[in-house]
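This is what each chain is made of:
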Amino acid sequence: MKEILIAMAIVGGLGCFIGILLGVVGKIFAVKTDPKVTEIREALPGNNCGGCGYAGCDGLAEAIAKGEAPVTGCPVGGAAAATVIGKIMGKEANFVRKAAFVKCSGTCDQAKQLYHYFGATQCHQVAQTPGRGSKACAYGCLGFGSCVQVCEFGAISVVNGCAKVDKDLCTACGKCVQACPHELIELIPYEAPYAVQCSAREKGKAVRTVCSAGCIGCGVCERSCPVQAITVKDNIAHIDYDLCTGCGTCVEKCPVKVIKCV
C-alpha cells in the first residue's frame, strides 16, 4: 500500500510539474493577438465565402488589421460591416455595393442551337467537350447552371438557357465569377445604369450567324459616348463605370441593342 501511495505521489507531482512547465512555456512563446483582429472578426458575417480574396473571415480580419486589405474588403457584409470596421481602424468606409452581371443574351430563342445535347451537366465539363453543348456561340452561357449551384444566396437562376442574376439578392461574393468557365460573369456597381450583355469576340457577321443578340463590335457606342466611357476591344464593347454618367447615348445608338439597362 505504501508503494502505491508513493507511486501516486510521484506521478501526481510529475503531472503538476509538467503542467506548470507548459503554462510557463506557453506564456513565454505566446503569440500576441492584435485586439483589433478580434473586433474586426466579430463585425464580419462569418460566411467564409472567399469573396474577399482571403481564406475566410479570419484571414480578412488579420489583413485589415495589418493594413493589407481595405475596411471595405468584405462584399457580403456590405456597408454595415464596412462602417463598423472603419470605426475600429479609424478610417472612412466608402463602400461601393456591387452585383454580378452575366455578359450574355444568348437565350434559347436568340442563340442558334446546333443539336440536342446529352452529356455532362457541369459547365466546366461541358466547356471541355468538342461541341461545348448545343449552342453555336463559343463564348456564350452554356446554361447548365454551375453558377446557380455555387450561389449561397439564391441570386442566380437559368432562364430559357441563359443565367440571370437578381441583383437585389446578390452579395457580390464572387463565387459565380469563379464557377463560369467562359468568364461571362463580372461584378459591376449595383447602381450601374447599363451593361454590355455579350462576350463574343468574333467579328460582326460571325457573331450574328450564331446569335441574333450578339455585339457586332461596330464601335458606334464608342464613337457616340460623350465622356469616352466605352471602348471596343477584341470586337466587344466595355464600359468604364468610373467614367459613365448614365446618359444612355450608347443604349440609343447601339444598332443591335446589346447594351441593356440593369
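The residue numbering used here restarts from 1 in each chain and proceeds along that chain's sequence as written. Selection of residues for local features in this predicted model requires a pLDDT of at least 70, selection of side-chain atom pairs for listing and counting requires 80 or more, and totals for whole chains, interfaces and linings are taken over all residues. To get the side-chain values, take all heavy atoms of the structure and skip hydrogens and water.

Considering the environment of Leu169
Residue position: Leu169 is located in the loop between strand 3 (162-165) and helix 7 (175-179). Under the scheme applied here, a residue whose accessible area is under 20% of the maximum for its type counts as buried, over 50% as exposed, and between as partly exposed, the area being computed with a 1.4 Å probe on protein chains only. Relative accessible area serves as the criterion here: at 40%, Leu169 is assigned to the partly exposed category. When the C-alpha positions of Leu169 and Ile156 are compared, they lie 8.6 Å apart, and in sequence the two are 13 residues distant. Apart from the residues within four sequence positions on either side, Leu169 is in contact with Phe153, Gly154 and Ala155. The helix and strand labels rest on DSSP assignments: H or I over at least four residues marks a helix, E over at least two residues marks a strand, and numbering proceeds from the N terminus. Contact criterion: two residues are considered in contact whenever any of their non-hydrogen atoms come within 4.5 Å of each other.

Notes on the side chain of Lys103
Secondary-structure assignment places Lys103 in the loop between strand 1 (98-102) and helix 5 (123-126). In this tally Asp and Glu are treated as negative and Lys and Arg as positive; neither His nor the chain ends contributes. Think of a salt bridge as a Lys or Arg side-chain nitrogen and an Asp or Glu carboxyl oxygen that are within 4 Å of each other. No salt bridge is formed by the buried Lys103, whose closest oppositely charged neighbour, Glu186, lies at an N-O distance of 4.2 Å. With sequence-adjacent residues up to four places away left out, Lys103 is seen in contact with Glu183, Leu184, Glu186, Val196, Gln197, Cys198 and Ser199.

Some thoughts on the packing of aromatic side chains
Two rings from Phe, Tyr or Trp (for Trp, the six-membered ring) form a pair when their centres sit within 6.5 Å of each other. Planes less than 30 degrees apart are called stacked, planes more than 60 degrees apart edge-to-face, and all others tilted. Following the criterion strictly, the structure yields one aromatic pair and no others. Plain terms: the ring middles of Tyr117 and Phe144 are 5.5 Å apart, the flat faces sit at 70° to each other, and that makes the pair edge-to-face. Placement of the pair is Tyr117 in the loop between strand 1 and helix 5 and Phe144 in the loop between helix 5 and helix 6 (146-150), with a sequence separation of 27 residues. Given a relative accessible area of 21%, Tyr117 falls into the partly exposed group. Judged by relative accessible area, Phe144 falls into the partly exposed class, the value being 25%. Positioned over the ring face of Tyr190 is Arg97, at 4.0 Å from the centre of the ring. By definition here, charges over rings are those cases where NZ of Lys or CZ of Arg is within 6 Å of the ring centre and within 35 degrees of the ring normal.

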